[in-house]
Amino acid sequence: MAASFANVNSEAGLKKLDEYLLSRSYITGYQASKDDLAVYSSFSAAPASKYINVARWFSHIDALVRLSGITAEGQGVKVESTAVPSASTPDVADAAAPAADDDDDDDVDLFGEETEEEKKAAEERAAAVKASGKKKESGKSSVLLDVKPWDDETDMAKLEEAVRSVKMEGLLWGASKLVPVGYGIKKLQIMMTIVDDLVSVDTLIEDYLCAEPVNEYVQSCDIVAFNKI
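Residues numbered from 1 in each chain as written. Predicted model: local features only at pLDDT ≥ 70, side-chain atom pairs only at ≥ 80, totals over all residues. Heavy atoms only, no water.

## Things to note about the overall build of the protein
Of the regular secondary structure elements, the protein holds six helices and six strands. Along the protein, from the amino end to the carboxyl end, the secondary structure elements read β-α-α-α-β-α-β-α-β-β-α-β. Considering the protein as a whole, with its 229 residues, one finds that 32% of them fall into the buried category. The contacts in the protein between residues at least 6 apart in sequence include a share of 71% that link residues at least 24 apart. With an accessible surface of roughly 14400 Å², the protein has 51% of that area assigned to carbon and sulfur atoms. (Helix = DSSP H or I, 4+ residues; strand = E, 2+ residues; numbered from the N terminus. Buried < 20%, exposed > 50% of the residue type's maximum accessible area, 1.4 Å probe, protein only. Contact = heavy atoms within 4.5 Å. Areas by Shrake-Rupley, 256 points an atom, 1.4 Å probe, with all protein chains shown as cover.)

## Notes on the state of the cysteines
Inspection of the entire model under this criterion finds zero disulfides. Free of any disulfide, cysteine 210 has its nearest cysteine sulfur in cysteine 221, 5.7 Å distant. Overall, cysteine 221 belongs to the buried group, its relative accessible area being 8%. (Disulfide = S-S within 2.5 Å.)

## Examining the packing of helix H2 (residues 34-41) against helix H3 (residues 52-67)
Between H2 and H3, whose axes approach to 11 Å, the crossing angle comes to 110°. In terms of orientation, H2 and H3 fall into the roughly perpendicular class. Across the interface between the two elements, Asp36, Leu37, Val39 and Tyr40 from H2 touch Trp57, Phe58, Ile61, Asp62 and Val65 from H3. Among the residues forming the contact of H2 with H3, the class breakdown is seven nonpolar, no polar and two charged. (Axes fitted to C-alpha atoms, helices over the stretch in contact; angles between N-to-C directions. Parallel < 35°, antiparallel > 145°, perpendicular 65-115°, else oblique. Nonpolar A, V, L, I, M, F, W, Y, C, P; charged D, E, K, R; others polar.)

## Considering the environment of tyrosine 183
With respect to the helices and strands, the residue tyrosine 183 is situated in the loop between strand E4 (171-182) and strand E5 (185-195). Taking the relative accessible area as the measure of exposure, tyrosine 183 reaches 84% and is therefore exposed. Note: C-alpha distance between tyrosine 183 and aspartate 151 (32 residues apart in sequence) is 9.4 Å.

## Considering the pairing of E5
Relative to E5, strand E3 (residues 140-149) is paired through eight bridges, and the arrangement is antiparallel. Note that in E5 the partner of aspartate 146 across the bridge is glutamine 189. Here nine bridges tie E4 to E5, and the two strands are oriented antiparallel to one another. Paired with serine 176 across the strands is isoleucine 190, a residue of E5. Following E4, the chain reverses through two residues before pairing antiparallel with E5; tyrosine 183 in that reversal takes a positive phi of roughly 60°. (Pairing = 2+ DSSP bridges.)

## A short note on the packing of aromatic side chains
Where two aromatic rings form a pair, the distance of their centres and the angle of their planes describe that pair. Taken as a whole, this structure holds three aromatic pairs when the rule is applied. Taking 6.1 Å as the distance between ring centres and 45° as the angle between the ring planes, the aromatic pair formed by phenylalanine 43 and tryptophan 57 counts as tilted. With phenylalanine 43 in the loop between H2 and H3 and tryptophan 57 in helix H3, this pair connects stretches of sequence that are 14 residues apart. The class for tryptophan 57 is buried, based on a relative accessible area of 1%. (Phe/Tyr/Trp six-rings, centres within 6.5 Å; stacked < 30°, edge-to-face > 60°.)

## Overview of H2
With six of eight residues buried, H2 lies mostly within the body of the structure. Listed as buried for H2 are Asp35, Asp36, Leu37, Ala38, Val39 and Tyr40.

## Looking at unusual backbone geometry
With an omega of 0°, the peptide bond running from glutamate 212 to proline 213 counts as cis. We note that tyrosine 183 has phi near 60°; this positive angle belongs to a residue other than glycine.

## Structural notes on helix H1 (residues 11-20)
A turn of α-helix holds 3.6 residues, and therefore any two residues three or four places apart point the same way. Of all the residues in H1, the buried ones are Gly13, Leu14, Leu17, Asp18 and Tyr20. The arc that holds every buried residue of H1, seen down its axis, measures 160°, which confines them to one face. Exposed positions of H1 whose direction lies more than 90 degrees from the buried face are Ala12 and Glu19. (Arc of directions from axis to C-beta.)

Right under this line is the structure:
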């Protein structure tokens, strides 16, 4: 079934075409064709830049037309309420032959199939638009930790320095204080704010706070309070 578009010189027509080109590089298929020329020819002027997808497509087709014209077969397109030239574009055989010594032009395929990069970019644009209104900011939590030293001879200043040296995306260390435990031993109580999707408190304790080199000062670490922000 042929693609159909209203007058592309109207706001409604431009919006429809912009949505259509959101996940496509061309009007039909994966290469420039007579369908692109039909729609291109219906424009009375270049589209406004706010129609991002149309402007991208128009600029691309405009460049191709200026270079050599569009000669690929189309799959059919209908543009309503606008003038589309009825004359067919020249066939490849009618195009002027390139100079014999211009070998570099042979490597340029203006109407080759859409590359994997172009297909991927189109899919990513569509996915980004679809998810833009649904993505929510990740939740955060406030956590209070008890960090206990090995004994009363542990340098608590170095213990706190070792704890704060742990850096992770989504982790922010906060206020701290030393709390007496008994027998001259003190523990460190320290606050931290985490982004829930980025930081696992259990992993933080097991793989960082109770692992080398921090475990030179830290005997154990416990969660005292865990509150969603």
